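# Examining the three-dimensional arrangement
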Amino acid sequence: MKIEEWFGLLGLLAAGALIAVALFPDDAWDRDSAADSSVKAISRTGAWPTPPSAAWQPQTAQQPQMVPVVTVQPAPIGARQIKPGLMRFEQAPKVRFNGPIQQISETPGSDGQIHVWLHDPQGGEMHLSVGPAWFLHYMGCVLTHDAVISGIGFQFDDAQRAPMVYVKKIVTGTQTCQMRNDEGFALWSNQLR
């Protein structure tokens, strides 16, 4: 073998040794050193350490002791207990909508869903998040400007003055399209499978 090959082999062995040391558990060094120190202490003094005096006392019969036990009371029938850190589930309020479509928008950069604005009979404007265009096409729901739609949806945001309504069911013409389930989860989402 040439000298370059020896250096290469030596380098590979050194790298293997470093990997082996890195993978070796850290506490293995501590156990060995603790055992070594007790053996070294015995060999230095020449005698075994004396055990505590309680170890040489004769054992007497102990009286049984009462141990406090925590009991868990069952929850009343029909009541659910909430785990610490969790909040009680509150269903979002349902909102009915009805009126002609004033504007239809699909912004691919935001959430990729069709958004519809319509005027309700009270004269207010409602912003509806319907669903993705491909799902509407799949369901056979055709939304056009000035078409009268009706349906029901959820308002998850209560902080805004006019919160967005997430459509659960929409009726356009004679076609009824279910967009979300009773909890508000999108039916086109793979999270329900």
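Reading the values: the criteria
- Residues numbered from 1 in each chain as written.
- Predicted model: local features only at pLDDT ≥ 70, side-chain atom pairs only at ≥ 80, totals over all residues.
- Heavy atoms only, no water.
- Pairing = 2+ DSSP bridges.
- Helix = DSSP H or I, 4+ residues; strand = E, 2+ residues; numbered from the N terminus.
- Patch = residues over 30% accessible without salt bridge, like charges linked within 9 Å, V, L, I, M, F, W, Y side chains within 5 Å.
- Areas by Shrake-Rupley, 256 points an atom, 1.4 Å probe, with all protein chains shown as cover.
- Salt bridge = Lys/Arg side-chain N within 4 Å of Asp/Glu carboxyl O.
- Buried < 20%, exposed > 50% of the residue type's maximum accessible area, 1.4 Å probe, protein only.
- Phe/Tyr/Trp six-rings, centres within 6.5 Å; stacked < 30°, edge-to-face > 60°.
- pLDDT = per-residue confidence, 0-100.
- Disulfide = S-S within 2.5 Å.
- Expected span 1.5 Å × (residues − 1).
- Core = buried A, V, L, I, M, F, W, Y, C linked by side-chain atoms within 4.5 Å.
- Contact = heavy atoms within 4.5 Å.
- Polar contact = N/O pair within 3.5 Å; in protein donor to acceptor, adjacent residues only side chain to side chain.

Another point: the pairing of strand β1 (residues 94-106). In the sheet, β1 pairs with strand β4 (residues 148-154) via seven bridges, with the strands oriented antiparallel. In the strand pairing of β4, asparagine 98 is matched with serine 150. Relative to strand β2 (residues 114-119), β1 runs antiparallel, the two being bridged by five bridges. Looking across to β2, one finds that isoleucine 104 is bridged to valine 116.

Below, the discussion takes up a nonpolar patch on the surface. On the surface, Met1, Trp6, Leu9 and Leu13 cluster together to form a nonpolar patch covering roughly 470 Å² of accessible area. Examined against the element boundaries, tryptophan 6 turns out to sit in helix α1 (residues 3-23). Classification of tryptophan 6 as partly exposed rests on a relative accessible area of 48%.

Throughout the structure, instances matching the rule amount to three aromatic pairs. Taking 5.7 Å as the distance between ring centres and 80° as the angle between the ring planes, the aromatic pair formed by tryptophan 134 and phenylalanine 135 counts as edge-to-face. A relative accessible area of 7% means that phenylalanine 135 is categorised as buried. On the numbers, 5.5 Å between centres and 55° between planes, the contact of phenylalanine 135 with tryptophan 188 is tilted. Pair noted here: phenylalanine 135 is in helix α3 (residues 133-139) and tryptophan 188 is in the segment after β6 (175-178), with a separation of 53 residues, a long-range link. Owing to a relative accessible area of 17%, tryptophan 188 belongs among the buried residues under this scheme.

Averaged over all residues, the pLDDT of the chain is 75; the fraction at 70 or higher stands at 60%. Looking across the chain, the model is least confident in helix α2 (residues 27-45), with a mean pLDDT of 54, and most confident in strand β5 (residues 165-172), with 91.

Turning next to the state of the cysteines. Here the structure, examined in full by the defined rule, presents one disulfide. Put simply, cysteine 141 and cysteine 177 are joined by a disulfide, and their sulfur atoms are 1.4 Å apart. Because the torsion about its S-S bond is 135°, the bridge between cysteine 141 and cysteine 177 counts as right-handed. Linking cysteine 141 in the loop between α3 and β4 with cysteine 177 in strand β6, this pair joins segments that are 36 residues apart in sequence.

Let us look at α1. Here α1 contains 21 residues, and its C-alpha end-to-end distance of 30 Å stays within 8% of the 30 Å for a straight helix at 1.5 Å per residue. Counting buried residues in α1 gives zero out of 21 residues, a small share hidden from the surface.

The subject of this paragraph is the pattern of salt bridges. In this structure the tally under the stated criterion is one salt bridge. Close ionic contact of lysine 168 with aspartate 182 constitutes a salt bridge, the shortest N to O distance being 2.6 Å. Residue lysine 168 is found in strand β5, and its partner aspartate 182 is found in the segment after β6; the two are separated by 14 residues along the sequence. For lysine 168, a relative accessible area of 12% puts it in the buried group.

Here we come to the nonpolar core. Within soluble globular proteins, side chains that are nonpolar tend to cluster in buried spots. Core analysis: the largest hydrophobic core is formed by 22 residues, its most contacted members being Phe97, Val116, Leu128, Leu143, Ile149, Ile170 and Met179. Those elements giving two or more residues to this core turn out to be β1, β2, β3 (125-131), α3 and β5. Not counting chain neighbours up to four residues away, the residues in contact with valine 116 comprise Ile101, Gln103, Ile104, Met126, His127, Leu128, Val130, Leu143 and Ile149.

Considering the arrangement of structural elements, one finds histidine 115 in strand β2. Relative accessible area serves as the criterion here: at 7%, histidine 115 is assigned to the buried category. A polar side-chain atom of histidine 115 sits 3.0 Å from a polar atom in the side chain of histidine 127. Excluding anything up to four places from it in sequence, histidine 115 contacts Gln103, Ile104, Ser105, His127, Leu128, Ser129 and Met164.

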